[in-house]
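Residue strings, one per chain:
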Amino acid sequence: MSPSIQQLTEKSPKKVYNVQESLKLLCPEVICGNDDDSLWIFGYGSLVWKADFPFSCKHKGFITGFERKFYQNSIDHRGTAEKPGRVVTLIHTENSENRVYGIGYRISADDKKAVLEHLDVREINGYERVVTDFHLLSDAGEILARKSVLLYLAKHDNPSFAGLKDDLETIAQQICECEGKSGRNSDYLMDLAESMRILYPEIDDRHLFELEKVVKRKLCHEV
């Protein structure tokens, strides 16, 4: 019988959801995860700092052909059905070389089934599994290896897709007003922006950082 996610979390790395502390747990090995039966999961939103499942190691890296955008409504984690928040999804780009940076988690063969079942529930609000290539990076930014990776993507036809046309002011206002079972929507945005600055200080994630500026301005005016 496959272990449950509760059983698995007992052997998982210490659960640390503070951004600064979580990002210290990056794998120090140059190359890892060479066994063919392991699974790689790519985190580009809250999975960057909040991995509530067991993993063997995690690495810096990127995928290509996408952009990270706050184009998905959240009716559970960062909002409610009556007042949905905004979270990120990935949008296909015409430029196949465009990069989205995040974290890749290696899941052992023994844990795969339970972890996927857990993530299917965590990402139930409109997200689907997609497989692409993940490029592992060294601390110096060199590409170490390429792995097949699974990620969760909210497609345009899902009921919670917020659309492509809203400007930053509109998205920011929604973020400032919303909160869900995982906390304030604004905290989600700030934690993601902080994570990207720590992990990839040389990368300008324009949509993320510009949205952060607008939200901070709105929150300051509310005080």
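Residues numbered from 1 in each chain as written. Predicted model: local features only at pLDDT ≥ 70, side-chain atom pairs only at ≥ 80, totals over all residues. Heavy atoms only, no water.

**Some words on the overall build of the chain**
Put simply, the rule reads: Here a helix means four or more residues in a row that DSSP labels H or I, a strand means two or more in a row labelled E, and each is numbered from the N terminus. Burial classification: accessible surface area is computed with a 1.4 Å probe over protein chains only, and a residue below 20% of its type maximum counts as buried, one above 50% as exposed, and the rest as partly exposed. Only heavy atoms enter the contact rule, under which two residues are in contact if any of them lie within 4.5 Å. Method for areas: the Shrake-Rupley scheme with a 1.4 Å probe, in which residue coverage is limited to the protein chains shown.
Secondary structure assignment for the chain yields six helices and nine strands. Burial analysis of the chain (223 residues in total) assigns 53% to the buried set. Restricting to contacts in the chain with at least 6 residues of sequence separation, those with at least 24 account for 77%. Total accessible area computed for the chain in this model is approximately 11,300 Å², and 47% of it derives from carbon and sulfur atoms.

**Things to note about the nonpolar core**
Operational definition: Residues enter a nonpolar core if they are buried and are Ala, Val, Leu, Ile, Met, Phe, Trp, Tyr or Cys, with the set joined through side-chain atoms within 4.5 Å.
Within the largest apolar cluster, 61 residues are counted, with the highest numbers of intra-cluster contacts made by Ile41, Phe53, Ile63 and Phe70. When residues of this core are assigned to their parent elements, the largest contribution, seven residues, is made by helix H5 (residues 185–199).

**Details of the confidence of the model for the chain**
To keep it simple, the criterion reads: For every residue, the predictor assigns a confidence score, pLDDT, that lies between 0 and 100.
Per-residue pLDDT for the chain averages 88, and the proportion of residues at 70 or more is 87%. Low pLDDT (under 50) marks residues 8–14, which in the prediction has twelve contacts with non-local residues, meaning those over four places away or in another chain.

**Some points on the pattern of salt bridges**
Spelled out, the test is: Salt bridge criterion: a side-chain nitrogen from Lys or Arg within 4 Å of a carboxyl oxygen from Asp or Glu.
Across all of its chains, the model carries 16 salt bridges by this definition. As a salt-bridge pair, Glu117 and Lys113 come within 2.5 Å of each other at their nearest N and O atoms. You can see Glu117 and its partner Lys113 sitting in helix H3 (residues 112–122), four residues apart, about one turn around the helix. For Glu117, a relative accessible area of 43% puts it in the partly exposed group.

**Overview of the side chain of Gln72**
What counts is decided by this rule: Here a polar contact is recorded for every N or O atom pair within 3.5 Å, except that within protein the pair must consist of a potential hydrogen donor and a potential acceptor, and residues adjacent in sequence are included only if both atoms are side-chain atoms.
Secondary-structure assignment places Gln72 in strand E3 (residues 66–74). Reaching out from Gln72, the side chain makes a polar contact with the side chain of Asn158 at a distance of 3.1 Å. Not counting the four nearest positions on each side in its chain, Gln72 is found in contact with Gly85, Arg86, Val87, Thr89, Asn125, Gly126, Tyr127, Ala154, Asn158, Ser160, Phe161 and Ala162.

**Quick notes on the environment of Gln72**
You can call Gln72 buried: its relative accessible area is 0%. Through-space distance from the C-alpha of Gln72 to that of Leu164 is 9.6 Å; in sequence the pair is 92 residues apart. At 3.5 Å, the side chain of Gln72 forms a polar contact with the backbone nitrogen of Phe161.

**Considering H5**
Keep this limit in mind: Take the residue count of a helix, subtract one, and multiply by 1.5 Å to get its expected span.
For H5, which comprises 15 residues, the first-to-last C-alpha distance of 21 Å matches the rise-based estimate of 21 Å (1.5 Å per residue) to within 8%. Residues of H5 that are buried: Asn185, Ser186, Tyr188, Leu189, Met190, Leu192, Ala193, Ser195, Met196 and Leu199.

**Quick look at the pairing of E3**
Under the convention used in this document: For two strands to be treated as a pair, DSSP must find at least two bridges joining them.
The element E3 is extensively covered by neighbouring structure, given that eight of its nine residues are classed as buried. Pairing analysis gives seven bridges linking E3 to strand E4 (residues 85–92), with the strands arranged antiparallel. Along E4, the bridge assignment pairs Phe66 with His92.

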